[in-house]
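Coordinates in review
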Amino acid sequence: MRETKIAVAGGGSLGLLLAGKLNAAGCPAELWTRTEDQARIIERDGITVIDGAGGADATTVNAAMTAAVKAVPLEKAAAPSGTAVLLAMKQTALTPSFVARLKHMLPEEHAIVAFCNGIGHFDKLQAGLPSAELAAAVTTEAARRSGPAEVAHTGKGQIWLGQAPLFAAIPPTYAKSPDHDRMQYIESRLIQAGFTVSMSNNMTERMLRKLLINAVINPLTALLRIRNGELTSTPERLSLMRQLYDETAGILREYGLKDGSHWDELLHVCARTASNHSSMLQDILAGRKTEIDAINGAVVSLAANLGRQAPWNDKITRMVKSISDG
Ligand code: KPL
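Residues numbered from 1 in each chain as written. Predicted model: local features only at pLDDT ≥ 70, side-chain atom pairs only at ≥ 80, totals over all residues.

Some remarks on the UniProt feature "domain: Ketopantoate reductase C-terminal" (unreviewed entry) in the protein chain
How we decide: UniProt positions are given in the numbering used here, feature names are shortened, and annotations may be inferred rather than shown by experiment. Secondary structure is summarised from DSSP: a helix means a run of H or I of at least four residues, a strand means a run of E of at least two, and numbering begins at the N terminus for each.
Under the present numbering, the feature "domain: Ketopantoate reductase C-terminal" (unreviewed entry) in UniProt falls on residues 202–323. Counting secondary structure, residues 202–323 comes out at 67% helix and 0% strand; the distance between its end C-alpha atoms is 36 Å.

So this is what it looks like as structure tokens:
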């Protein structure tokens with residue numbers, strides 16, 4: 001098998017969780033951070049992962065472990081041939097200059113496995129890196145960064161890996177994938193690190209299901225400034241959720257979302273992550289740009305491709321933008 005080296009791009013909650021657990025399990029994975037400061041602190045202190053924090057997973061005992069991790073700021077990172085980059089970043093960080101930096105630093109032989117929320121990132125990556133081998137990762141792991149080198153693993157979930165769908169066409173097409181061996185290598189390292197991982201041959205469905213969940217939970221919790229679990233606590237909030245859900249599911253079905261108990265899944269996610277602030281609320285509270293364009297804004301675009309409108313998604317996108325710079 002061709003040699004694969006894993007690098008994790010992004011020092012946020014998911015990046016710290018992936019890099020911390022991979023290195024603790026003896027799978028070296030360099031972490032690429034946005035700032036020099038964070039890289040320095042991680043090189044000095046390692047990454048501490050607090051498992052079972054938040055009580056979302058009652059079977060996990062609250063326990064902390066610290067792993068030594070090689071960390072470098074992205075602008076100084078060098079990737080050897082065969083690097084597989086686990087992209088654990090917000091879509092908002094996927095700027096043209098970031099993609100240009102990746103193009104400059106990545107060797108000819110590489111793979112990018114993107115864990116982003118929403119849709120649209122594969123189109124951006126493919127446009128900027130036409131020879132890239134791209135894979136999609138969808139995760140239900142919940143984590144909260146509690147410092148530059150510390151992350152609380154607040155909910156044990158799953159990771160699905162597979163082909164990267166491009167939603168410009170109906171039905172969606174797929175980007176060029178890494179070969180089978182490389183995907184298996186990445187899967188086996190993540191399993192070794194303690195994650196529950198499955199290869200999926202229907203990432204379109206997985207991504208659409210996640211998009212549906214994020215399109216309902218994220219903007220409503222951000223606008224109402226409540227935790228995920230509080231969203232289902234009154235009939236008025238449930239009714240708002242339902243309207244947004246019905247409109248979004250109706251559009252996503254045209255792109256391959258299968259009929260199923262998605263409403264129940266949505267309620268289950270609210271319960272499972274009850275004590276969490278959604279990533280969009282975290283962004284609003286921290287004054288950061290939100291991922292609204294890649295989530296509800298993307299649903300509006302998917303509707304427009306069908307010659308339809310998505311008034312709930314359109315209004316909620318404008319409302320979130322009116323309280324943030326996103
Ligand atoms: O993915 C999430 C997010 O916050 O972005 C959910 C599932 C809503 C958990 O908080």
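Digging into helix H11 (residues 311–322)
Here is the rule we go by: How far a helix is expected to stretch is found by multiplying one less than its residue total by 1.5 Å. Burial is judged by counting other C-beta atoms within 10 Å of a residue's own C-beta: 20 or more means buried, 12 or fewer means exposed, and anything between counts as partly exposed, with every C-beta placed from the backbone. Of all possible arcs, the one meant is that of the directions from the helix axis to the C-beta atoms. Contact definition: two residues whose C-beta atoms, as placed from backbone geometry, lie within 7 Å.
Between its terminal C-alpha atoms H11 stretches 16 Å, which fits the 16 Å expected from 12 residues at 1.5 Å a residue. Buried residues of H11: Trp-312, Asn-313, Ile-316, Thr-317 and Val-320, and no others. The buried residues of H11 occupy an angular sector of 130° when projected down its axis, which confines them to one face. Turned more than 90 degrees off the buried face of H11, the exposed positions are Pro-311 and Ser-322. Along its buried surface, H11 packs onto helix H6 (203–224), helix H7 (235–253) and helix H10 (296–305).

Details of the nonpolar core
Spelled out, the test is: Here, a nonpolar core means buried Ala, Val, Leu, Ile, Met, Phe, Trp, Tyr and Cys residues linked by C-beta atoms lying within 7 Å of one another. In this entry, domain limits derive from an automatic or database-based domain assignment.
One finds Val-8, Ala-9, Leu-86, Leu-87, Val-113 and Ala-114 to be the most contacted residues of the largest nonpolar core, which totals 96 residues. Here the element with the most residues in this core is H6; it accounts for 11 residues. Both domain 1 (5–201) and domain 2 (205–322) contribute no fewer than three residues apiece to this core. Residue contacts for Ala-9: discarding those within four places in its chain leaves Gly-15, Trp-32, Leu-74, Val-85, Leu-86, Leu-87, Ala-88 and Met-89.

Examining the site of the ligand
Our working definition: Placing the C-beta atom from the backbone, one calls a residue near a molecule or strand if that atom lies within 6 Å of it.
Near the ligand, the surroundings consist of Asn-117, Ala-142, Ile-213, Asn-214, Ile-217, Asn-218, Asn-228, Val-269, Thr-273, Asn-276, Ser-278 and Ser-279. Tallying contributions element by element places H6 first for the shell around the ligand, with four residues.

Observations concerning the pairing of strand S7 (residues 110–114)
On a regular strand, one side chain projects to one face of the sheet and the next to the other, so that they alternate. What counts is decided by this rule: When DSSP finds two or more bridges between two strands, those strands count as paired. Think of it like this: strands point away, you trace from the first strand over the helix to the second, and a clockwise trace means the crossover is right-handed.
Judged by how many residues are buried, S7 sits mostly within the fold: five of five residues are covered. With burial as the criterion, each face of S7 is covered, one bearing His-110, Ile-112 and Ala-114 and the other bearing Ala-111 and Val-113. Sheet topology note: the strand S6 (residues 83–87)/S7 ladder contains five bridges and is parallel. The partner of Val-85 across the bridge, within S7, is Ile-112. Handedness of the crossover joining S6 and S7 through helix H3 (residues 96–105): right-handed. Crossover handedness for the path S7 to helix H4 (residues 121–128) to strand S8 (residues 133–139): right-handed.

So, the packing of H3 against H4
How two helices sit against one another is set out by the angle between their axes and by the gap between those axes. How we decide: Convention adopted: a line fitted to C-alpha atoms gives each axis, helices being fitted over their contacting stretch, and angles between N-to-C directions are expressed from 0 to 180 degrees. Should an angle fall under 35 degrees it is called roughly parallel, over 145 degrees roughly antiparallel, and 65 to 115 degrees roughly perpendicular, with every other angle called oblique. The handedness criterion is simple: a crossing whose near helix is rotated anticlockwise from the far helix by less than a right angle is left-handed, and one whose near helix is rotated clockwise is right-handed. Three residue categories are used. Nonpolar comprises Ala, Val, Leu, Ile, Met, Phe, Trp, Tyr, Cys and Pro, charged comprises Asp, Glu, Lys and Arg, and polar comprises the others, including Gly.
Interaxial distance between H3 and H4 falls to 9 Å at its minimum, and their mutual angle equals 50°. Taken together, H3 and H4 sit at an angle that is classed as oblique. Crossing handedness for the pair H3 and H4: right-handed. Side by side, H3 and H4 meet where Pro-96, Val-99, Ala-100 and Lys-103 of the first sit next to Lys-124, Leu-125 and Gly-128 of the second. In terms of residue class, the contact of H3 with H4 is made up of four nonpolar, one polar and two charged.

Regarding the sheet that holds strand S9 (residues 142–147)
Here four strands make up an open sheet; going across it, the order is S4-S3-S10-S9 and the pairing mixed. The open sheet has two free edges, formed respectively by strand S4 (63–67) and S9, since each of these has just one partner strand. Sheet twist, expressed as the mean angle between neighbouring strand axes with direction ignored, is 25°. When strand S3 (residues 47–51) meets strand S10 (residues 150–155), the two strands line up parallel, connected through four bridges. Following the sheet pairing, Ile-50 is matched in S10 by Ala-152.

Concerning the domain arrangement of the protein chain
Entries for the protein chain in the domain assignment read domain 1 (5–201) and domain 2 (205–322). Across the contact, 22 residues belong to domain 1 and 20 residues belong to domain 2. Sorting the residues of the side of domain 1 that touches domain 2 by element identifies S8 and S10 as the ones contributing at least two each. Its residues assigned to classes, the side of domain 1 that touches domain 2 comprises 11 nonpolar, 10 polar and one charged.

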